[in-house]
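Observations on the three-dimensional arrangement
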Amino acid sequence: MSAPVVIVGTGLAGYNLAKEWRKLDTQTPLLLITADDGRSYSKPMLSTGFGKNKDADGLAMAEAGAMTEQLNAEIRTHTRITGIDPGHKRLWIGEEAVPYRDLVLAWGAEPIRIPVEGDAQDAVFPINDLEDYARFRSAVAGKRRVLILGAGLIGCEFANDLTADGYQVELLAPCEQVMPALLHPAAASAVQAGLEELGVRFHLGPVLASLDRQGDALQATLSDGRLIPCDAVVSAVGLRPRTALAAAAGLDINRGVMVDRHLRTSHANIYALGDCAEVDGLNLLYVMPLMACARALAKTLAGEPTAVGYGPMPVTVKTPACPLVVSPPPRGSQGEWTVEGSGRDIKALCREASGALLGYALTGAAVQEKLALNKELPALLA
Ligand SMILES: Cc1cc2nc3c(=O)[nH]c(=O)nc-3n(C[C@H](O)[C@H](O)[C@H](O)COP(=O)(O)OP(=O)(O)OC[C@H]3O[C@@H](n4cnc5c(N)ncnc54)[C@H](O)[C@@H]3O)c2cc1C
């Protein structure tokens, strides 16, 4: 039998590529390898699961067995690849060599772990997949108080979801505003005010000095000396694209595994997409870019080399306490911000000197303007 196309990872990138490719090629052998249980799920649902009262099983859309049928593929679950040998077109699972026709890296990004002093490090939960979510849900069952580390998009979404579900949430981050990498300060203030009104308490500035057990509960000590009693800690301090195995195999890496517009790495027959990939200089950890990559790469794998293009990619942040849509200006662009509105309803627009729209942050009632503004936004990869 000829060597299969091998996809490493069964997240949204791996499964969507497999689905798109199977529309074009139903017969070439396909092998998916995943470190997890291979259930198909939509990761953005992890940060709305409490409000919707869904446990991990409730969020899963299909078991690996059903995906095997649907994709006419073999899926190896709970299997971690440990090396790549591009010269011989094979990868390693421990001592086992697995040949490939083409290899696709869709192995995602991993949560950054900050070192925590104290005796309660095991009470810090990153939530980046279904299994993390299941562990966190069982840890907070019957508990009330959650401390969130990180004021980025994911920290704010969990703050909204957990508070709306009745938890008392404190959010700690060493920055001056929420989502500093994404948001104009006026929009950040609106989102923070919405979350505060819901009940979230913010501690922006200090860091976590230590986390210790106190009986059944925990005590967080902040760097400014404040003490926060809590029952569990969510770590949402950022994600780092997985690159170590690619680097060890001699592939070019930068922030992510570097690929060109055809999703080709620096080695023939090895491709990458999703959170692990840096596509023509852009490492965007969102769903829309990976869907565009999946469609393009499916065609390439089916024999029609196709470059990916990114249109505008606005992100809807799931903070219903203050609705937010954001499209940050392209990196390196020069523009001036103008801000209209007040309170929760902020329209912050970034335009270049010619008047062309580069990006925006819309909150509250202003999110209604997104469709009209999206037509003016520049493509991210034209
Ligand atoms: C809480 C949360 C909310 C989000 N909300 C949004 C949103 O609203 N909108 C949006 O656009 N984006 C959102 N995102 C981002 C979006 O979900 C991700 O960009 C996307 O799901 C990444 O998919 P992926 O397939 O690249 O990676 P992953 O889903 O992380 O999949 C990686 C896969 O690789 C496997 N793997 C890793 N290492 C190995 C190995 N060595 N061997 C074998 N298998 C391996 C893993 O088991 C897994 O199957 C959110 C992210 C989070 C965490």
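Rules used in this analysis
- Residues numbered from 1 in each chain as written.
- Predicted model: local features only at pLDDT ≥ 70, side-chain atom pairs only at ≥ 80, totals over all residues.
- Heavy atoms only, no water.
- Pairing = 2+ DSSP bridges.
- Helix = DSSP H or I, 4+ residues; strand = E, 2+ residues; numbered from the N terminus.
- Axes fitted to C-alpha atoms, helices over the stretch in contact; angles between N-to-C directions.
- Phe/Tyr/Trp six-rings, centres within 6.5 Å; stacked < 30°, edge-to-face > 60°.
- Buried < 20%, exposed > 50% of the residue type's maximum accessible area, 1.4 Å probe, protein only.
- Lys NZ or Arg CZ within 6 Å of the ring centre and 35° of its normal.
- Near = heavy atom within 4 Å.
- Polar contact = N/O pair within 3.5 Å; in protein donor to acceptor, adjacent residues only side chain to side chain.
- Areas by Shrake-Rupley, 256 points an atom, 1.4 Å probe, with all protein chains shown as cover.
- Nonpolar A, V, L, I, M, F, W, Y, C, P; charged D, E, K, R; others polar.
- Contact = heavy atoms within 4.5 Å.

Comments concerning the sheet that holds strand 15 (residues 227-230)
With respect to topology, 3 strands assemble into an open sheet ordered 13-14-15, the strand pairing being antiparallel. Edge positions in the sheet fall to strand 13 (208-214) and strand 15, since each of these pairs with one other strand and no more. The mean inter-strand angle of the sheet, taken between neighbouring strand axes irrespective of direction, is 20 degrees.

Remarks on the packing of aromatic side chains
The geometry of an aromatic ring pair is captured by two quantities: the separation of the ring centres and the angle between the planes. Evaluation of the coordinates by the stated rule reveals 4 aromatic pairs. Aromatic pair phenylalanine 50 and tyrosine 167: ring centres 5.7 Å apart, planes at 90 degrees, arrangement edge-to-face. Of the two residues, phenylalanine 50 sits in the loop between strand 2 (30-33) and helix 2 (56-59) while tyrosine 167 sits in the loop between helix 5 (153-164) and strand 11 (168-173), which places them 117 residues apart along the sequence. Residues phenylalanine 50 and tyrosine 167 agree in their burial class; the two are buried. One Lys or Arg, arginine 137, reaches over the ring of phenylalanine 50 and ends 4.6 Å from the middle of that ring.

Let's talk about the site of the ligand
Lining the immediate environment of the ligand, one finds 33 residues, of which Ala13, Asp36, Asp275, Val287 and Lys318 sit closest. One of the backbone N or O atoms of alanine 35 is found 3.1 Å from a nitrogen atom in the ligand. A distance of 2.9 Å is found between an oxygen atom of the ligand and a side-chain nitrogen or oxygen belonging to lysine 43. Relative to its unbound accessible surface of 1000 Å², the ligand loses 92% to contact with the protein. Elements that contribute at least two residues to the shell around the ligand include exactly helix 1 (12-24), helix 5 and helix 8 (287-301). It is helix 5 that contributes the most residues to the shell around the ligand, 3 residues altogether. Its residues assigned to classes, the shell around the ligand shows 17 nonpolar, 9 polar and 7 charged.

Focus on the pairing of strand 6 (residues 96-99)
In the sheet, strand 5 (residues 90-93) pairs with strand 6 via 4 bridges, with the strands oriented antiparallel. The residue of strand 6 that forms the bridge with leucine 91 is valine 98. Linking strand 5 to strand 6, which pair antiparallel, is a turn of 2 residues; within it glycine 94 sits at a positive phi near 60 degrees.

Re the sheet that holds strand 6
Within the open sheet, the 3 strands sit side by side as 4-5-6. Their pairing is antiparallel. Of all strands in the sheet, those with a lone pairing partner are strand 4 (83-85) and strand 6, marking the two edges. Neighbour-to-neighbour, the strand axes of the sheet open up by a mean angle of 30 degrees, direction not taken into account.

Here we look at the side chain of threonine 300
Here threonine 300 lies in helix 8. Each residue touching threonine 300, except ones within four places of it in the same chain, is listed here: His262, Tyr271, Pro305 and Thr306.

Structural notes on the pairing of strand 14 (residues 217-222)
Counting buried positions along strand 14 yields 5 of 6 residues, so the element is predominantly enclosed. Pairing of strand 13 with strand 14 involves 6 bridges; the strand directions are antiparallel. When the sheet's bridge partners are listed, serine 210 is paired in strand 14 with threonine 221. Counted along the chain from strand 13 to the antiparallel partner strand 14, the turn is 2 residues long, and its residue glycine 215 has a positive phi close to 65 degrees. Count of turn residues in the strand 14/strand 15 antiparallel hairpin: 4 residues, of which glycine 225 carries a positive phi of about 95 degrees.

Quick word on the environment of threonine 316
With respect to the helices and strands, threonine 316 occurs in strand 21 (residues 315-317). Spatially, the C-alpha atoms of threonine 316 and glutamine 70 are 30 Å apart, while their sequence positions differ by 246 residues. For threonine 316, the contacting residues outside a window of four places in its chain are Glu157, Leu324, Val325 and Lys370.

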